[in-house]
Amino acid sequence: MKVDLSAFSAPCSCGRTHPISLKECRIARGALNDLPEVIDNLGKFERIGMICDDNTWAAAAHRVPGLVALFSQAKLDPAHLHANERAVAAAKAQLNPDCDLLIAVGAGTVHDITRFIAHEWGVPFVSVPTAPSVDGFVSTIAAMTWGGCKKSFPSTPPVAVVADSDVLAVSPQRLIAAGVGDLLGKYTALLDWKVTNLLNGEYICDHVVKMEEDAVDEVRACLPEIAAGDADAIERLMYGLILSGLAMQGVGNSRPASGSEHHMSHLWEMQILNGELDAYHGEQVAVGTVLLCDYYRKLLNIDDPRAHLSGYTGIDEEMLCRRFPGCSDGILEENRPDPLSAIDVNVLCDKFDEVKAMVAKLPSAEEVIDYMKTCGGVYSLAQIGVDPALLPDTLELAPYVRARLTLLRIMKLLKV
Ligand SMILES: [Zn+2]
Ligand SMILES: [Zn+2]
């Protein structure tokens, strides 16, 4: 499948342009064989370095030295591999620092490590995904755990993506289902964006929204084939994930692809309610989406919002410090000023029927569960290792994790 990158360079009906840095994107069976040609098209590189791990070496990276003369390579130990300072140091120790191009061969973690180093060294990188597990392959930020804290670092997006569907199709089924989960999260992410735009006029681009919706619809239509490991269907999943990543690049932030369901995932990753999770990003996002499709629907039972006002009076900073021990500085920063101050309660009440109409278009929690079951993925708190009794805490605290306004945060204005 070819991603039409020219569509991004034209001025958009939203009044902005959506600049992207990706120069080439090939998603096809056997695409790995195109790697030399793709690199040639990018320019003249003499000192190419590759980053992979033992698993992705076996899946695809062992073929790269036969295709491209490697200057150096870093093969990381996949056991306990996280995007953190230790993995970055381990990769740099194996790479020659004079590299003029890096190739990431792996899933999300290898990409975060590579984009971080590419940024530090000021060199471009080529993405070779080995599993359709996340929509962040073309991301402009590296999500790292630094000194034990979650941090987002500005970093280098890839100049090219070479995704071989034959490689993706034999990737671990759990990673494939996680990719579906990350994509299904767009249901609630897009709703959060649309509701906020409706209530306070935040910028939105209908074209980008449509692009994300098309990506989700396309993947939803071929879930049984994805579950069966059909290379063409998994190619469509990868295409959807790349489109979603490009939507974020084009808008300049993750608004089109990340809302309350991602805030829940970030909250669990902070480990203030729960212990360390053995769950992929997309698995957590899938569970968050299921919970929100259920919770948001509670609004449909409210006829007169004025009779349901909560009397919200603002952020309780003392509560935030108490509930977010060890990271309260960062949390206070996200909540000053109170993001909810951008919402006028009267506007919420006046436009409540429009909000309800948007919520009514969400799939039900049962439908999302069904989608995840079809592709062999997870859909419940217990399956990702979070005690189901933590649901109320999750709903209460997730909005505070980021300054981004979501319907979950707006629902604090109402008694539901
Ligand atoms: Zn636009
Ligand atoms: Zn995501």
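As the structure is a prediction and not an experimental result, all values here were calculated from the model. (Residues numbered from 1 in each chain as written. Chains lettered and ligands numbered in written order. Predicted model: local features only at pLDDT ≥ 70, side-chain atom pairs only at ≥ 80, totals over all residues. Heavy atoms only, no water.)

K.L.:
Please set out helix α7 (residues 173–184) residue by residue, giving values where relevant.
P.N.:
For α7, spanning 12 residues, the distance from its first C-alpha to its last is 17 Å, which sits close to the expected 16 Å at 1.5 Å a residue. In terms of burial, α7 is a largely internal element, 10 of the 12 residues being buried. (Helix = DSSP H or I, 4+ residues; strand = E, 2+ residues; numbered from the N terminus. Expected span 1.5 Å × (residues − 1). Buried < 20%, exposed > 50% of the residue type's maximum accessible area, 1.4 Å probe, protein only.)

K.L.:
Describe in detail the coordination of the zinc ion (ligand 1), supporting the description with residues and values.
P.N.:
Of the protein atoms, only Cys12 (SG), Cys14 (SG), His18 (NE2) and Cys205 (SG) coordinate the zinc ion (ligand 1), at distances of 2.0 to 2.3 Å. Metal-centred angles of 106 to 116° between the four donor atoms at the zinc ion (ligand 1) mark the site as tetrahedral. As a motif over one chain, the donors of the zinc ion (ligand 1) read C-x1-C-x3-H-x186-C. (Donors = N, O, S within 2.8 Å, 3.2 Å for Na, K, Ca; no water. Tetrahedral: all angles 85-135°; square planar, octahedral: opposite > 155°, others 65-115°.)

K.L.:
Any chance you could break down helix α1 (residues 35–42) for me, citing the residues and the numbers?
P.N.:
Looking only at α1, the buried set comprises Leu35, Val38 and Ile39. The buried residues of α1 occupy an angular sector of 95° when the element is viewed end-on, so they sit on one face. Turned more than 90 degrees off the buried face of α1, the exposed positions are Asp40 and Asn41. Just beyond α1, the residue with positive phi is Gly43, at close to 150°. (Arc of directions from axis to C-beta.)

K.L.:
Outline the domain arrangement of the chain, listing residues and values.
P.N.:
Domain boundaries in the chain define domain 1 (5–170) and domain 2 (175–205 + 256–413). Taken together, the contact between domain 1 and domain 2 spans 13 residues of the former and 13 residues of the latter. Summed over both partners, the interface of domain 1 with domain 2 buries about 1,000 Å², with 60% contributed by carbon and sulfur atoms. Among the ionic pairs, Asp135 bridges to Lys186, the shortest N-O distance being 2.8 Å. Within the side of domain 1 that touches domain 2, the residues separate by chemical class into seven nonpolar, three polar and three charged. (Domains from an automatic or database assignment. Contact = heavy atoms within 4.5 Å. Buried area = accessible area lost by both parts, 1.4 Å probe. Salt bridge = Lys/Arg side-chain N within 4 Å of Asp/Glu carboxyl O. Nonpolar A, V, L, I, M, F, W, Y, C, P; charged D, E, K, R; others polar.)

K.L.:
Kindly report on the coordination of the zinc ion (ligand 2), identifying the contributing residues and their values.
P.N.:
Note on the zinc ion (ligand 2): its protein donors are Asp182 (OD), His262 (NE2) and His281 (NE2). The metal-donor distances range over 2.1 Å. Sequence positions of the residues that donate to the zinc ion (ligand 2) give the spacing D-x79-H-x18-H. Of this pair, Asp182 sits in helix α7 while His262 is found in helix α12 (residues 260–270), placing the two residues 80 residues apart along the sequence. No difference in accessibility class separates Asp182 from His262, as the two residues are buried.

K.L.:
I'd like to hear about the packing of aromatic side chains, residue by residue, with values.
P.N.:
Taken as a whole, this structure holds three aromatic pairs when the rule is applied. Here Phe116 and Phe153 contribute two aromatic rings whose centre-to-centre distance is 5.2 Å and whose plane-to-plane angle is 85°, an arrangement assigned as edge-to-face. One end of the pair, Phe116, is in helix α5 (residues 108–121); the other, Phe153, is in strand β7 (residues 149–154), with 37 residues separating them in the sequence. Owing to a relative accessible area of 10%, Phe116 belongs among the buried residues under this scheme. Accessibility expressed as a relative area gives 15% for Phe153, which makes it buried. Grouping aromatic residues by their ring pairs yields a cluster made of Phe116, Trp146 and Phe153. Directly above the ring of Trp57 sits Lys75, whose terminal nitrogen or CZ lies 4.4 Å from the centroid. (Phe/Tyr/Trp six-rings, centres within 6.5 Å; stacked < 30°, edge-to-face > 60°. Lys NZ or Arg CZ within 6 Å of the ring centre and 35° of its normal.)

K.L.:
So what's going on with the state of the cysteines? Which residues, and what values?
P.N.:
Taken as a whole and assessed by the stated rule, the structure comprises zero disulfides. The closest cysteine sulfur to the non-disulfide-bonded Cys293 is located on Cys375, 15 Å from its own sulfur. (Disulfide = S-S within 2.5 Å.)

K.L.:
Pulling in residues and values, what's your account of the pairing of strand β1 (residues 24–28)?
P.N.:
Burial analysis of β1 places four of its five residues in the buried class, which makes it a mostly covered element. Of the strand pairs in this sheet, β1 and strand β8 (residues 160–164) are connected by five bridges, and their pairing is parallel. Residue pairing for β8: Arg26 is matched across the bridge by Val162. (Pairing = 2+ DSSP bridges.)

K.L.:
Describe the packing of α7 against helix α18 (residues 365–374), listing the residues and the values that go with them.
P.N.:
Packing of α7 against α18 leaves a shortest axis separation of 9 Å and a crossing angle of 155°. With respect to α18, the element α7 is oriented roughly antiparallel. Two packed elements cross with a definite hand, and for α7 against α18 that hand is right-handed. Contacts between α7 and α18 involve Ala177, Val180, Gly181 and Leu184 on the former and, on the latter, Val368, Tyr371 and Met372. Residues of the contact of α7 with α18, tallied by class, amount to six nonpolar, one polar and no charged. (Axes fitted to C-alpha atoms, helices over the stretch in contact; angles between N-to-C directions. Parallel < 35°, antiparallel > 145°, perpendicular 65-115°, else oblique. Left-handed = near helix turned anticlockwise from the far one by under 90°.)

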